[in-house]
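Here's the letter readout for the chains.
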There are 2 protein chains.
Amino acid sequence: MQDFKYYAPTEVIFGRNSETQIAAMVQKYGGKKVLIHYGGQSAERSGLLAVVRKSLDSAGIAYVELGGVVPNPRLSLVRKGIELCKAENVDFLLAVGGGSVIDSIKAIGYGLDYKGDVWDLFIGKGEADTCRPLGVVLTIPAAGSEMSEGCVITKEAEQEPVTSTDMKRSYDVDLCRPRFAIMNPERTLTLPPFQTACGITDIMMHTMERYFSHDDDMLITDAVAESILKTVRQCGPKVLTAPLNYHLRAQIMWAGSIAHNGLTGCGTTGDWATHNIEHELSALYNVAHGAGLAAIWPHWAEYVLDENPTRFAQFAVNVLDVPNNFRSAKETAIEGIAAMKQFYHSIGMPTSIQELIGRKATEEEMQLMANKCSIGKTSTVGNLKKLAYNDILKIYQLANR
Amino acid sequence: MQDFKYYAPTEVIFGRNSETQIAAMVQKYGGKKVLIHYGGQSAERSGLLAVVRKSLDSAGIAYVELGGVVPNPRLSLVRKGIELCKAENVDFLLAVGGGSVIDSIKAIGYGLDYKGDVWDLFIGKGEADTCRPLGVVLTIPAAGSEMSEGCVITKEAEQEPVTSTDMKRSYDVDLCRPRFAIMNPERTLTLPPFQTACGITDIMMHTMERYFSHDDDMLITDAVAESILKTVRQCGPKVLTAPLNYHLRAQIMWAGSIAHNGLTGCGTTGDWATHNIEHELSALYNVAHGAGLAAIWPHWAEYVLDENPTRFAQFAVNVLDVPNNFRSAKETAIEGIAAMKQFYHSIGMPTSIQELIGRKATEEEMQLMANKCSIGKTSTVGNLKKLAYNDILKIYQLANR
């Protein structure tokens with residue numbers, strides 16, 4: 001068991017009536033002038049933005065608004081947000097949306113307090129000392145960013161072709177953990193099936209990335225991780241057939257937070273190769289992160305299986321209810337990977353690049369992605385097995401069969 | 001599923017090297033003059049106090065010390081601590097010990113900032129607005145106070161007989177949640193078997209108190225709760241036969257924190273009758289809280305079983321590996337209660353008042369306790385079944401067979 005730190009200070013207000021607390025929570029955490037940050041028009045159409053504005057108005061809290069966050073949130077909008085907040089003397093940031101909006105506002109929070117260019121933080125050229133305080137009104141259970149230290153931003157290309165130089169990078173430190181998160185599962189009842197399934201995939205992957213390691217002695221964390229994974233696995237297909245079921249939506253929503261607030265990684269090293277390998281897919285093809293994860297994970301698993309077959313067997317039995325083949329951990333593990341592929345298909349997720357983008361990737365594209373993922377062949381990803389350029393390329397090729 | 005709030009902001013530093021962070025954490029949370037609060041001489045003998053002093057000295061942080069906290073921590077020492085801290089201008093409180101020391105320092109923290117008498121808070125005559133910041137160096141996994149909002153203090157009688165007017169009361173608000181907790185499982189290797197078993201019992205009970213409710217639709221919280229309970233159930237007897245096993249001690253220690261930081265109660269109402277009924281036992285006989293819980297729980301369970309037999313059956317099967325009798329939830333439930341009694345005996349815990357105090361309680365004592373527990377027959381305890389004076393008395397009588 002590894003020494004660990006656990007720190008998840010976000011105050012979560014969860015349930016049907018949680019939105020009544022928005023203004024009180026902003027005030028509790030010192031907000032006097034707020035940036036309301038959101039994505040597309042759904043926040044307006046759903047009436048949620050009106051709820052947020054009304055809450056702030058009724059408490060006499062001033063605010064400015066900035067919409068337009070897109071999936072794989074862009075550095076250009078982050079910079080626009082930083083300028084706006086400086087001009088308007090914003091002292092509190094409120095994200096209304098899902099992981100992309102939250103990550104965008106986290107980057108704005110860093111940029112407001114950091115002296116240099118905020119992108120420095122994402123490419124290792126600088127460290128943040130502080131981050132402007134922020135809160136979340138969550139609408140999409142998936143990224144877990146509402147309680148996490150994670151922040152992923154995509155820097156657009158400065159010249160054509162766009163796809164060849166897009167860069168998706170993360171900066172993960174505790175400073176940006178939200179002060180509060182308002183979570184009303186009712187807001188997720190109208191999520192389309194594909195987005196719901198992407199969320200389910202992402203939630204499970206946040207726990208799986210921490211689960212697959214060489215640290216086999218963390219019984220309590222394993223048990224908690226497996227309980228979250230199994231519950232999501234059981235509720236996921238059900239919520240797709242009963243999207244208006246509050247009860248099922250609530251399980252998924254809360255699972256999304258505790259799968260990624262650090263709890264499922266206490267005492268384990270964590271792997272994160274699948275996330276890194278996927279980031280290049282979504283940067284290159286602008287596909288949904290969750291779908292990209294499903295397209296990569298089975299092939300990553302197949303490639304690294306021999307590093308710790310008993311771990312994959314435990315996953316197969318305890319999470320996926322695969323019968324244990326006691327004579328061969330590896331055979332149980334292989335059945336588990338197949339069961340996970342079946343699960344992905346059952347919720348409408350792809351398990352190959354072809355299913356993900358509608359065609360096969362070219363060899364050049366895969367080399368480009370493997371090159372970026374390994375930072376020009378200088379770095380590795382993953383921990384269960386440290387994956388260099390050639391390993392990463394091989395996994396793209398396995399996913400491209 | 002009930003709406004809920006989840007807030008567990010404590011920064012946990014867990015593992016063999018965690019004590020190297022003491023001074024840094026005190027400084028991070030603004031401490032310049034510290035009260036080191038502890039219990040008996042074991043903190044000195046073990047060398048832990050020397051480690052704490054050295055850490056603060058090396059960072060140039062001033063401190064004063066106050067030892068002498070006893071199990072069921074006393075109001076008189078809390079008052080002494082408040083006076084000392086005022087005289088010495090202490091701005092940060094550091095508990096070195098287990099739940100009693102942490103609860104004592106929490107009460108000191110309230111008292112330093114509260115205008116009236118600190119006992120007012122515990123008897124509903126006042127509310128705290130703030131609590132002086134505090135940190136923990138944990139030595140006993142049991143109470144979960146290192147991450148919780150709980151604080152239980154015993155007010156000694158002001159005249160004889162002592163036992164008849166002792167009062168053990170709790171004040172549970174978020175203000176006192178520790179800023180940080182340093183947890184090194186090595187510090188728990190020398191815990192005596194009885195204290196270890198009391199801790200195991202208390203840890204499980206903190207989750208069980210939240211688990212037994214009428215809220216049967218909180219799948220994710222149930223799954224997490226069962227995973228923690230089952231892990232502790234499996235590791236508990238093992239750690240008693242292998243007390244120096246770091247790995248097993250670590251599971252128990254981390255379980256103690258997450259069993260009581262709020263995680264296992266998300267979306268459930270919680271019961272807490274067993275705790276309330278036990279508090280009168282430990283106030284009257286000055287017995288260990290964990291042992292008192294084991295002496296009460298099976299009888300509480302038997303008494304309230306019919307309120308929700310399927311819940312007790314789920315507990316029996318998912319936590320205790322009792323075979324499911326599909327034809328009768330109640331029979332499965334009854335087997336579960338018997339299995340829990342066996343478990344308590346397997347770790348050396350009592351399951352009756354006679355086993356707890358070495359004799360049967362008198363009828364007068366039980367009436368006295370039931371009277372205090374129901375606040376002079378004016379109040380009820382528990383939620384699964386609301387228990388008034390007569391119910392509480394009956395449970396004492398069942399435990400006294």
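Because the structure is a prediction, the values reported are computed rather than measured.

Along the backbone of chain A there are 17 helices and 8 strands. What you see for chain A is a C-alpha radius of gyration of 21 Å, in line with the 21 Å of a compact globule of 401 residues. Its C-alpha atoms put chain A at 65 × 45 × 45 Å along the principal axes. The 401 residues of chain A split such that 58% are buried.

Another aspect to go through is the relation of the copies chain B and chain A. Its rotation angle being 180°, the transformation that places chain B on chain A also includes 0.0 Å of axial translation and leaves an RMSD of 0.0 Å. These values place the two chain copies in the arrangement generated by a two-fold rotation axis. Of every C-alpha in chain B, the one belonging to P9 of chain B sits nearest the axis of rotation, 1.8 Å from it. A share of 100% of the interface residues of chain B reappears at the interface of chain A, consistent with the copies meeting face to face through the same patch.

So, on to the domain arrangement of chain A. Residue and element names in this part refer to chain A. On domain assignment, one finds that chain A holds domain 1 (11–188) and domain 2 (193–399). Facing the 22 residues of domain 1 at the interface are 25 residues of domain 2. Of all elements in the fold, only β1 (4–14), α7 (162–165) and β7 (167–170) reach the threshold of two or more residues within the side of domain 1 that touches domain 2. Residues belonging to the side of domain 1 that touches domain 2 are distributed by class as follows: 11 nonpolar, 7 polar and 4 charged.

This part covers the pairing of β1 of chain A. Successive side chains on a regular strand alternate, one facing one side of the sheet and the next facing the other. A large share of β1 of chain A lies buried, amounting to 8 of its 11 residues. Relative to strand β1 (residues 4–14) of chain B, β1 of chain A runs antiparallel, the two sharing 7 bridges. Paired with Y6 of chain A across the two strands is V12 of chain B, which belongs to β1 of chain B. Summarising the sheet, β1 of chain A and strand β8 (residues 180–183) of chain A pair through 4 bridges and their orientation is parallel. Following the sheet pairing, V12 of chain A is matched in β8 of chain A by A181 of chain A.

This part covers helix α13 (residues 309–320) of chain B. Residues and elements named next belong to chain B. Between its first and last C-alpha, α13 extends 15 Å over 12 residues, near the 16 Å set by a 1.5 Å rise per residue. Turning to α13, its buried residues are R311, F312, A313, Q314, F315, A316 and V319. On its buried face, α13 is in contact with α8 (193–211), α9 (219–241), α12 (289–304) and α14 (329–346).

All names here are of chain A. Where helix α9 (residues 219–241) meets helix α13 (residues 309–320), the axes come as close as 9 Å, and the angle between the chain directions of the two elements is 55°. Comparing their axes, α13 and α9 come out oblique. Residues E226, L229, K230 and R233 of α9 lie in contact with α13, whose contacting residues are N318, V319 and L320.

Two modes of strand pairing occur in sheets, parallel and antiparallel, and in both the strands are linked by backbone hydrogen bonds. Sheet architecture is open: 12 strands sit in the order β3(A)-β2(A)-β4(A)-β5(A)-β8(A)-β1(A)-β1(B)-β8(B)-β5(B)-β4(B)-β2(B)-β3(B), paired in mixed fashion. Edge positions in the sheet fall to β3 (62–66) of chain A together with β3 (62–66) of chain B, since each has one partner strand and no second. Averaged over all adjacent pairs, the angle separating strand axes in this sheet is 25°, with direction ignored. Where strand β4 (residues 92–97) of chain A lies against strand β5 (residues 134–138) of chain A, 5 bridges are found, and the strand directions are parallel. Within β5 of chain A, the position partnered with L94 of chain A by the bridge is G135 of chain A.

Turning to unusual backbone geometry, a few remarks are in order. All names here are of chain B. Positioned with a positive phi, N89 is a non-glycine residue whose angle comes to about 55°. As for its position among the elements, N89 is in the loop between α4 (75–88) and β4 (92–97). Residue N89 is classed as exposed on the basis of its C-beta count, with 10 C-beta atoms lying within 10 Å.

Here the focus is helix α3 (residues 48–58) of chain A. Residues and elements named next belong to chain A. Residues V52, S55 and L56 constitute the buried set of α3. Projected onto a plane normal to the axis of α3, the buried residues spread over an arc of 95° and lie on a single side. Facing away from the buried side of α3, by more than 90 degrees, are the exposed residues A50, D57 and S58. Contact partners of the buried residues in α3: α1 (22–28), β2 (33–38), β3, β4 and β5. Taken from the residues just after α3, G60 is the one with a positive phi, measuring 70°.

Okay, the nonpolar core next. A general feature of soluble globular proteins is that nonpolar side chains tend to end up buried together. Among the nonpolar cores identified, the biggest contains 274 residues, and L94 and I228 of chain A together with L94 and I228 of chain B are the most heavily contacted of them. Discounting residues that sit within four places of it in the chain, I228 of chain B has contacts with I220, A223 and V224 of chain A together with T207, A255, I258, A259 and T264 of chain B.

Time to look at the environment of K155 of chain B. Residues and elements named next belong to chain B. Following the sequence through the fold, K155 ends up in strand β6 (residues 152–155). Each C-alpha atom of the pair K155 and M167 lies 5.2 Å from the other, and the pair is 12 residues apart in sequence. Ignoring anything within four residues of it in the chain, the contact list for K155 reads L75, W119 and M167.

Moving on to the packing of α9 of chain A against helix α10 (residues 246–258) of chain A. All names here are of chain A. At a minimum axis separation of 9 Å, α9 and α10 run at an interaxial angle of 140°. In this view, α9 runs oblique relative to α10, as classed from their interaxial angle. Considering the relative orientation of α9 and α10, their crossing is left-handed. Contact with α9, carried on its side by I228, T231, V232, C235, K238 and V239, involves L248, R249, Q251, I252, A255 and I258 of α10 and no other residues of that element. Counted by class, the contact of α9 with α10 contains 8 nonpolar, 2 polar and 2 charged residues.

On to the environment of F343 of chain A. Tracing the backbone through its elements, the reader meets F343 of chain A in helix α14 (residues 329–346). The spatial distance from the C-alpha of F343 of chain A to the C-alpha of L320 of chain A is 8.9 Å, given a sequence separation of 23 residues.

The rules behind each value
Residues numbered from 1 in each chain as written. Chains lettered and ligands numbered in written order. Predicted model: local features only at pLDDT ≥ 70, side-chain atom pairs only at ≥ 80, totals over all residues. Helix = DSSP H or I, 4+ residues; strand = E, 2+ residues; numbered from the N terminus. Rg over C-alpha atoms; globule rule 2.2 N^0.38 Å. Buried ≥ 20, exposed ≤ 12 C-beta atoms within 10 Å, placed from the backbone. Least-squares fit on C-alpha atoms with pLDDT ≥ 70 in both. Contact = placed C-beta atoms within 7 Å. Domains from an automatic or database assignment. Nonpolar A, V, L, I, M, F, W, Y, C, P; charged D, E, K, R; others polar. Pairing = 2+ DSSP bridges. Expected span 1.5 Å × (residues − 1). Axes fitted to C-alpha atoms, helices over the stretch in contact; angles between N-to-C directions. Parallel < 35°, antiparallel > 145°, perpendicular 65-115°, else oblique. Arc of directions from axis to C-beta. Core = buried A, V, L, I, M, F, W, Y, C linked by C-beta atoms within 7 Å. Left-handed = near helix turned anticlockwise from the far one by under 90°.

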